[in-house]
Amino acid sequence: MTQPQNQQREALEGFLHRFFGPGNGVWPGLDPDYRYKDRTLPFVEAIRRGDDAPVVLPRVYTDRDRFVVYVIAREPGERAKTAELIRAFAGPTYIAYDEQVGIQPAWLDPDDPIEQAIRDFAGDRTTFRLETGRTLEHRRNLAGALELMQRTEARRPPRMWRVAKPIGRLLAEFDASLSAGAEAASSVVFDHLAAAGGVTAANLASLRIKRLDRLGRSEAILQLPELPDAIRQDPPLPVKEAILNAVFAALEEPLAVGDLSAARARLEEQGRFVPALLDADARKLGTQAVTVLLMAATVLEDLPALRRLVDAVQSGARIGELPSLIWEDAQRFLAESDDAAEPRVVAEPVPQIAGSDASEAFATIDSWPTFLAAVAAGSSEGQSAVEERSWTAWSPPAAHDAALAGFLDGLENQAAEEAWRAVGAFIDAVGYAAPAGLTAHAFIRNAVAFDRFGPGDLAVLQALAEIALRAGPSAETYAELLDEIGAYRSRWVSPERASIALDFVDRLFLVACPDAEARSKLAYDLLEPLWRHQGRLNEADLAFAKRLSRELGVDFPWQDRAGSDSERELSLSDLPPMRVLLYSLDEAVLVRCAEEIKQFAPAVDAAMASDHVGSAQLRQKARSADLVVIATRCAKHAATGFITQHTRTKYIHYADGSGSASMLRAAVNGLRSVAANR
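I will try to describe carefully the structure that is included in this document. Just so it is clear, the structure is predicted and the values come from calculations on it, not from any experiment. (Residues numbered from 1 in each chain as written. Predicted model: local features only at pLDDT ≥ 70, side-chain atom pairs only at ≥ 80, totals over all residues. Heavy atoms only, no water.)

1. What about the packing of aromatic side chains?
Okay, so step 1: For the structure on display, the rule yields 19 aromatic pairs.
Okay, so step 2: Residues Phe19 and Phe20 carry aromatic rings whose centres are separated by 5.0 Å and whose planes lie at 85° to one another, so their mutual orientation is edge-to-face.
Okay, so step 3: For Phe19, a relative accessible area of 0% translates into the label buried.
Okay, so step 4: Its relative accessible area of 0% is what places Phe20 among the buried residues.
Okay, so step 5: Each member of the aromatic cluster is reached from another via a ring pair, and the members are Trp368, Phe371, Trp391, Trp394, Trp420, Phe426 and Phe443.
Okay, so step 6: The cationic tip of Arg59 hangs over the ring face of Tyr61; the distance from NZ or CZ to the ring centre is 3.8 Å. (Phe/Tyr/Trp six-rings, centres within 6.5 Å; stacked < 30°, edge-to-face > 60°. Buried < 20%, exposed > 50% of the residue type's maximum accessible area, 1.4 Å probe, protein only. Lys NZ or Arg CZ within 6 Å of the ring centre and 35° of its normal.)

2. Here's the deal with the pairing of strand S6 (residues 627-630)
Okay, so step 1: Judged by which residues are buried, S6 turns out to be covered on both faces: Leu627 and Val629 on one side and Val628 and Ile630 on the other are all buried.
Okay, so step 2: Here strand S4 (residues 578-583) pairs with S6 via four bridges, running parallel. Looking at S6, one finds that Val580 is bridged to Leu627.
Okay, so step 3: Across three bridges, S6 lies against strand S7 (residues 652-654) in parallel orientation. Bridging from a neighbouring strand, Val628 pairs with Ile652 of S7. (Helix = DSSP H or I, 4+ residues; strand = E, 2+ residues; numbered from the N terminus. Pairing = 2+ DSSP bridges.)

3. Description of the packing of helix H8 (residues 201-215) against helix H11 (residues 237-256)
Okay, so step 1: As a packed pair, H8 and H11 sit with axes 9 Å apart at the nearest point and diverge in direction by 50°. Looking at the two axes, H8 sits oblique to H11. The two elements H8 and H11 meet at a crossing, and its hand is left-handed. For the pair formed by H8 and H11, the contact residues are Ser206, Ile209, Lys210 and Asp213 on the first element and Val239, Ala242, Ile243 and Asn245 on the second.
Okay, so step 2: Per-class residue counts for the contact of H8 with H11 are four nonpolar, two polar and two charged. (Axes fitted to C-alpha atoms, helices over the stretch in contact; angles between N-to-C directions. Parallel < 35°, antiparallel > 145°, perpendicular 65-115°, else oblique. Left-handed = near helix turned anticlockwise from the far one by under 90°. Contact = heavy atoms within 4.5 Å. Nonpolar A, V, L, I, M, F, W, Y, C, P; charged D, E, K, R; others polar.)

4. Focus: the pattern of salt bridges
Okay, so step 1: Evaluated as defined, the whole model comprises 34 salt bridges.
Okay, so step 2: Between Asp120 and Arg18 there is a salt bridge, with its nearest N and O atoms 3.0 Å apart. Of this pair, Asp120 sits in helix H4 (residues 113-122) while Arg18 sits in helix H1 (residues 3-19), and the two are 102 residues apart along the sequence.
Okay, so step 3: One salt bridge in this structure joins Glu480 and Arg445, with 3.6 Å as the shortest N-O distance. With Glu480 in helix H24 (residues 475-487) and Arg445 in helix H22 (residues 437-449), this residue pair connects regions lying 35 residues apart in the sequence.
Okay, so step 4: Of the residues examined, Glu480 reaches a relative accessible area of 36% and is grouped as partly exposed.
Okay, so step 5: Taking the relative accessible area as the measure of exposure, Arg445 reaches 26% and is therefore partly exposed. (Salt bridge = Lys/Arg side-chain N within 4 Å of Asp/Glu carboxyl O.)

5. Let's talk about the pairing of strand S2 (residues 67-72)
Okay, so step 1: The buried fraction of S2 is high, at six of six residues.
Okay, so step 2: Summarising the sheet, strand S1 (residues 55-60) and S2 pair through six bridges and their orientation is antiparallel. Paired with Val55 across the two strands is Ile72, which belongs to S2.

Given below as structure tokens:
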């Protein structure tokens, strides 16, 4: 054995002795005479052989009744692959996890000697911490499933990991998940994109920035290690806007009290990347981003940039949107500069290079009909319009609803597949203001035709159904829509996806009903699979399923208590006094979620907020909350960023959808986390 091999062997044995040291009672000190060593020996032998499989190591806590298994990916880029392997061999039968969130990596505690040993050993490789029930049978079953996973993976022929879906479709799913407010699904799709390859590091950074911006995580954006590289690559305008929005979050408080000096100090502290963004097209940016650019141009005394920004604001009649002290400060500086400067010289016209055919074609995309046509054709101009969010300057889709629906319904297969790339833009553009029901219905037919029932797809389908129903369809269209949604329920309704099914049923209750029979049929079709497997529902999903059954007159003999939580979870009725802030722009969803929390957790005080921008009242709610739950669909960055900036709790959970059940599930998970760590 060579010296490096000896060193590796010694390092491995050192790690194993630390892992099985104080704090882990599964095989104390790797004692060769330990009575139960045979249960753990296969995992230790696998790591010593260096099998081409994830590392699996069990642990029994010595200070409490808790059993976990750590699974460490073989390579740094195998997070998604390892999660899929765990799910295939052990979940959801032997481990507990949220199907919508998927199996997620663990954060390892540096103060825990066992987990610190893993951190030192694994480096940048992903580690999962898996838990099962407390009985010996549960623990044996989980260990057996993971041992089989290791053996199978070690014996398979060497092959490269490939993601079946093409990159273009994954990118479309990512954008659509963000637009639909599917926070967990967007995280899963992002992991797939990172694992698939073919996406540059700068593009991955841009996607991460877009996601953090949607979540209102301003500080996380500014702390990204890859942020400087992303800016150097001249990212799309929405990414630039996300960065500027993140900077604005730091300026908001001093601007609110009119303290310009403090705002400038904050800008100098947080805005080191802003000078590189001064050339962004202000006409297409939001108020926050324009405010930051105006301040930066004034502070830097960059007259050309300041004049360009001022012209953009004046031509767009947007002066009233800006903080008055920022606008007045910019005007004052311009006036002083003009007084001190020589008369402005009119610049000679700069010869322009004749536009290419492509740029001319792109220039013709100025409305939703031309946009959908370009996307369906698979053109680069259409893709550019998607990336640049060009639709923000157009009339909303509702202005062309019938024409857009007719166009989508008339597409051939390939074009229809391409047109799905615009669904995220459509959901974003519609928002909660002007529903385009016919177009949403056409997109639903597209989803059903192409079998789009993955976690991210279902969140999009739910958002489309909400738009279509809110548009007030006729009785005939209403029945047709509900029939299409329920036709393939067997492919996606399950206890693991209960909150998605319940969101659909909840929406049936909240909107007008022109056909009671069709509504009852879909409610029955979606609730019946949950009733048959009600023993696997958690407490919150069971309670909300009962409520919907009662409200819609769909009678099922539901059991009194949830079965899946009872073994290892604190009952919700026993939760200690806590304050939770629920944030969504859908007030009906907030009310129903708060009512349910009051029913099953009487000691919990639920506050609601649907503000579009920050306010003193929202700040007070955020500061006093032990838990914050946010639904991000159509949420305004000004509000979500304001909440995350002012909250004092580390417990911020995001609903994986925009319905009551999704928000309720996020709230229950968050309340349990807060209670467990008190």
